[in-house]
Structures are given as structure tokens and as C-alpha cells.
Amino acid sequence: MNEYTVDLAVPERVVAVGAHPDDVEFGCGGTLAKWAAQGCAVHHVICTDGSKGTWDRNVDVTVLVATRQEEQRHAARVLGASDDVVFLGWTDGELEDGPAQRRQLARWIRRLRPDVVLGHDPWRRYRLHPDHRHAGFLLTDAIVAARDPHFFPEPELEPHRPSALLLFEADEPDHVENVGAQLETKVAALLAHRSQYRSTMDIDDPADESQVERFRQRVADTASEQGRPAGVAYGERFKLLRPL
Ligand SMILES: [Zn+2]
């Protein structure tokens, strides 16, 4: 079993990169809430437009995309994010890790200048969803591009090297952030994604408190399981890469 480290020093600025609206909240919402409450500037970057995120065949996709963006802004505010959410705008289900995407994300890293970056683990085995895999590689590749001056040179933007990368959904986790005091905030941020109640939270009727409570318990159970190997009651676990 891996040796775990617990709790990084609170960073000054972080960027969390998710493939879809709600991925960041599931992966690291508690950690972001904890850091934001201690003065860290938290920025969200969402790679795709979330346009596949419903089981409703008759949905108006334009409305769905706008709804999910509004939900994501709401969730970010719940977590204490410092700024508007950055939407890269690629089509849900069709995200690629190509030069255009890499340049775009590298620009945001150079502009936002995070100490710590968080995102999907692209090396997680047996992962089916292509966007999660591509978002992970897009992030690792964009970090390399952002830190070195000869990648995508930008006269008005200095290269930037973050100090650490935390990968959620990690294949080989080795770091835990204690989020015992942030569980309620994490659940509240997830519940901002109302369009996802049925498909990802198993909530058919939000007025039915027992269904919401069942979801709350699921988040708590996951945090308990993720914290346990590090001796933490409720945690979010990551693969920690540093230096970058
Ligand atoms: Zn996702």
C-alpha cells in the first residue's frame, strides 16, 4: 500500500480543471472549499459544454448547456471560488488533447498562475469516459506547455510553472486532504447541479428529502473510504505530483 501524505500547505492560487460541470465538485470540492475559506483564490476551468449530460432525449441542447453553465457558476460560488468559471467550450464527449486545446489551457495557466493545479488522473485504468481521460492528458500536457517559454510563445504572457499537481480519481493515490469540516459544503455544491440529479446523483424527486439524504450519505461514505488509508475520517484522495 502507498504511504500517504496528508494536507498540503494552503496555496495562494489554485486552478481545478474538470471535463464536465460537476466533475470538480465530485473530485475535489471539499479541498477547494477548505482552501478558499483560508484565503486561497480558487479558479474553475471546465473543458466541455456538458451537452451530453442528460437522459432526456427531447432536451433542447442549447438550454441544457446554458443551464449547466449556470449550475457550475452556482457550485463554484458555494465552494468560495474567487472568480467566474472558465468554460473552454469543447463539445461534450468529443474532447481531444490536441494543440488547439493545449494552447488554450496553457494560456489560462499562464494567466491565472496557480500554485496548485487539480484535475482528472489520465492514467486511471479501465476508465471508459473519453473526456475524463482526455481532460487529464490535456491538463498534464498544458502544464508542460505553460511552464516552458518555447511552447506557444505569448508576448504578453510569462511562462508559469505550478508547484504541484493533484490528480483526483487517482489510479495510485498517495495524498489525502482532510475535508471533514467541508462535507456539507461539498454536498451543497454538488446539489447546485440540478440537471444531474437523476443521471449522476440518483435523485428522482428533489422534494423527497430521503433521496437527498441518501446522496448526502453516499458523499460521506466515499469521503470516509478515501480518508481511511491515511488515518483521516473524511478525505479526498489524490495522486500528488511535484515538483512539476
Ligand atoms: Zn465528467
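Since the model is a prediction, treat every value here as computed from it, not as a measurement.

Enquirer: Would you mind going over the pattern of salt bridges in detail, with residue names and values included?
Expert: Two side chains carrying opposite charge are able to pair once their charged atoms lie near each other. Under the counting rule described, the total for this entry stands at 21 salt bridges. In this structure, Glu-94 engages Lys-52 in a salt bridge whose closest nitrogen and oxygen atoms are separated by 4.0 Å. Of this pair, Glu-94 sits in the loop between strand 4 (86-90) and helix 3 (99-112) while Lys-52 sits in the loop between strand 3 (41-48) and helix 2 (61-78), placing them 42 residues apart in sequence. On the basis of relative accessible area, Glu-94 is assigned to the exposed category, the value being 51%. If you follow the salt bridges from partner to partner, you end up with Arg-103, Arg-107, Glu-154 and Glu-156 in one network.

Enquirer: Before we move on, can you summarise the environment of Asp-84 with the specific residues and values?
Expert: Along the chain, Asp-84 falls in the loop between helix 2 and strand 4. A distance of 3.2 Å separates a polar atom in the side chain of Asp-84 from a polar atom in the side chain of Arg-73.

Enquirer: Could you give an account of the coordination of the zinc ion, with specific residues and numbers?
Expert: Summarising the metal site, the zinc ion is bound by the protein donors His-20 (ND1), Asp-23 (OD), Asp-23 (OD) and His-132 (NE2), whose distances to it range over 2.1 to 2.3 Å. Coordination geometry of the zinc ion: the four donor atoms subtend angles of 57 to 135° at the metal centre, consistent with an arrangement described as irregular. Sequence positions of the donors to the zinc ion reduce to the motif H-x2-D-x108-H. You can see His-20 sitting in the loop between strand 2 (13-18) and helix 1 (23-37) and its partner His-132 sitting in helix 4 (residues 130-147), a full 112 residues away along the chain. For His-20, a relative accessible area of 7% puts it in the buried group.

Enquirer: Give a detailed account of the sheet that holds strand 8 (residues 235-241), specifying residues and quantitative values.
Expert: Read from one edge of the open sheet, eight strands run 1-7-8-6-5-2-3-4, paired in mixed fashion. Lying at the two open borders of the sheet, with one neighbouring strand each, are strand 1 (5-6) and strand 4. The strands touched by helix 4 within the sheet are strand 2, strand 3, strand 5 (116-120) and strand 6 (164-168), with strand 5 carrying the most contacts at an inclination of about 155°.

Enquirer: Describe the side chain of His-44, with residues and values.
Expert: Tracing the chain through its elements places His-44 in strand 3. For His-44, the contacting residues outside a window of four places in its chain are Ala-16, Val-24, Glu-25, Leu-32, Gln-72, Ala-76, Leu-79, Ala-81, Val-85 and Val-86.

Enquirer: Tell me what's going on with the pairing of strand 8, and back it up with residues and numbers.
Expert: Where strand 6 lies against strand 8, three bridges are found, and the strand directions are antiparallel. Looking at the pairing, Leu-167 lines up with Lys-239 of strand 8. Sheet analysis places strand 7 (residues 175-178) next to strand 8, joined by four bridges and oriented antiparallel. The partner of Val-176 across the bridge, within strand 8, is Arg-237.

Definitions and limits used
Each chain carries its own residue numbering, running from 1 in the written order of its sequence. Totals for whole chains, interfaces and linings use all residues, but because this is a predicted model, local features are given only for residues with pLDDT of at least 70 and pairs of side-chain atoms are given and counted only at 80 or more. Only hydrogens and water are removed before side-chain values are computed, so all heavy atoms of the structure are retained for them. We define a salt bridge as a side-chain nitrogen of Lys or Arg found within 4 Å of a carboxyl oxygen belonging to Asp or Glu. Only DSSP runs of H or I covering at least 4 residues are called helices, and only runs of E covering at least 2 are called strands; the numbering of each starts at the N terminus. Only protein chains enter the accessibility calculation, which uses a 1.4 Å probe. A residue is then buried if its area is under 20% of the maximum for its type, exposed if over 50%, and partly exposed in between. Pairs of N or O atoms within 3.5 Å make up the polar contacts considered here, provided that, within protein, one atom can donate a hydrogen while the other can accept it, and that residues adjacent in sequence are counted only when both atoms are side-chain atoms. Think of the donor list as every N, O and S atom within 2.8 Å of the metal, or within 3.2 Å for Na, K and Ca; water never makes the list, so a site can look incomplete. Sites are called tetrahedral only when four donors show all angles between 85 and 135 degrees, square planar or octahedral only when four or six donors show opposite pairs over 155 degrees and all other angles between 65 and 115, and irregular in any remaining case. When DSSP finds two or more bridges between a pair of strands, those strands are recorded as paired. Throughout, a contact is declared for two residues whenever any of their heavy atoms are within 4.5 Å. Every angle, taken between N-to-C directions, lies between 0 and 180 degrees, and every axis is a line fitted to C-alpha atoms, over only the stretch in contact when it is a helix.

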